[in-house]
Amino acid sequence: MASALKNLSTYDETNIPDATELKFGVVVADWNKDITHALYEGCLETLTKHGALTDNIHVIQVPGTFELPAAARMIATRETLDAVICIGCVIKGETQHDEYINNSVAQGLVNLSIATGLPYIFGVLTPNTHQQAVDRAGGEHGNKGVEAAVTGIRMGSLYKEYG
Ligand code: DLZ
C-alpha cells in the first residue's frame, strides 16, 4: 500500500537531525596527526553546530588507527553513548601495512556495531598519498571528519529511536 510507505528524505545541511540529546564518543588516532587532528576539528565543529553539547562529547586519543576499535569499545563501556566516531588515517606505503590495518579496523568496528547495536562510525582515510589525505582533511575534497560527524548524528538518532 503506497500510502504506508515512508517518503525518503534527501539529507543535506538543512535537515540533519538535531543532536542536542545525543551523546558521542570520538576516538582519534595520532598517526598522521596533521590529517587526523584536522578531521577531528571538522568533526567536533559539525557535532556542536548541530546541537551536541560539549559535555556530551567524550574524546580520547590513541597512538594509531589499529587501536581505534579497542579504544572505541573502552569508551562505550565507560560512558552511555549514542554513537562512537572513530578517526584515523592510514597512508599506503611500500609494504602491505595499510591493508592489514584498514581491514582489521573496518572489521573490528562493524563487529562492534553488530554485536552491540551501538553505531561505530568509520572515519578513517585510506589514501594512497599524503596529498590525497590533505585533500580530504579540509582541502579540495572537503573534510571527511564533517561527514563522519553527520553519519554519527544520523546513526545516533536512529540508535536513540530504535536501539
Ligand atoms: C605502524 C603504522 C604504520 C606503518 N602506518 C600507520 C598509518 O599510516 N596510520 C596509522 O594510523 N597508523 C599506522 N601505524 C601504526 C598502527 O596503527 C599501530 O598504532 C601500531 O601498529 C601499534 O599497534
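Criteria and thresholds
Residue indices follow the written sequence of each chain, beginning from 1 at its first position. Reporting in this predicted model follows two pLDDT cut-offs: at least 70 for local features of residues, and 80 or more for side-chain atom pairs to be given and counted; totals over whole chains, interfaces and linings ignore these cut-offs and use all residues. Between any two strands, at least two bridges found by DSSP are needed for them to pair. Helix and strand assignments come from DSSP, with helices taken as H or I runs of at least 4 residues and strands as E runs of at least 2, each series counted from the N terminus. Orientation is described by axes fitted as lines to C-alpha atoms, over the contacting stretch for helices, and by angles from 0 to 180 degrees between their N-to-C directions. It is the C-beta atoms, placed from the backbone, that decide contacts: two residues are in contact if theirs lie within 7 Å. Joined through C-beta atoms within 7 Å, a set of buried Ala, Val, Leu, Ile, Met, Phe, Trp, Tyr and Cys residues constitutes a nonpolar core. Partly exposed residues are those whose C-beta has more than 12 but fewer than 20 other C-beta atoms within 10 Å; with 20 or more the residue is buried, with 12 or fewer it is exposed, and the C-beta atoms are placed from the backbone. UniProt positions are given in the numbering used here, feature names are shortened, and annotations may be inferred rather than shown by experiment.

Caption draft 1: Here's a closer look at the sheet that holds strand S2 (residues 57-62). Strand order in the open sheet made by the four strands is S2-S1-S3-S4, with parallel pairing throughout. At either margin of the open sheet sits one strand with a lone partner, and together these are S2 and strand S4 (120-125). Adjacent strand axes in the sheet meet at a mean angle of 15°, parallel and antiparallel pairs treated alike. Against the sheet, helix H2 (residues 68-78) makes contact with strand S1 (24-29), S2, strand S3 (83-89) and S4, and its axis sits at roughly 150° relative to S1, the strand it touches most. Against the sheet, helix H3 (residues 97-116) touches S3 and S4, its axis set at about 165° to S4.

Caption draft 2: Highlighting the nonpolar core. Judged by nonpolar contacts, the single largest core of 44 residues is most densely connected at Cys43, Val84, Ile85, Cys86 and Ile87. At the level of elements, S1, helix H1 (33-49), S2, H2, S3, H3, S4 and helix H5 (144-162) are the ones that each hand at least two residues to this core. For this core, the element with the most residues is H1, which contributes seven residues. Excluding residues within four positions of it along the chain, Ile87 makes contact with Val26, Val27, Val28, Ala29, Thr36, Leu39, Tyr40, Cys43, Gly123, Gly145 and Ala148.

Caption draft 3: Spotlight on the UniProt feature "binding site: 5-amino-6-(D-ribitylamino)uracil" (unreviewed entry) in the chain. Feature annotation in UniProt places "binding site: 5-amino-6-(D-ribitylamino)uracil" (unreviewed entry) on Trp31, Thr65, Phe66, Glu67, Cys89, Val90, Ile91 and Phe122, given in this structure's numbering. For Thr65, the position within the fold is in the loop between S2 and H2. When near neighbours in sequence (up to four residues on either side) are disregarded, Thr65 contacts Ala29, Trp31, Gly88, Cys89, Val90, Ile101, Val105 and Val124. Along the chain, Ile91 turns up in the loop between S3 and H3. The exposure class of Ile91 is partly exposed, given the 18 C-beta atoms found within 10 Å. Once residues within four sequence positions are removed from consideration, Ile91 is found in contact with Asn32, Pro127, Thr129, His130 and Ala133.

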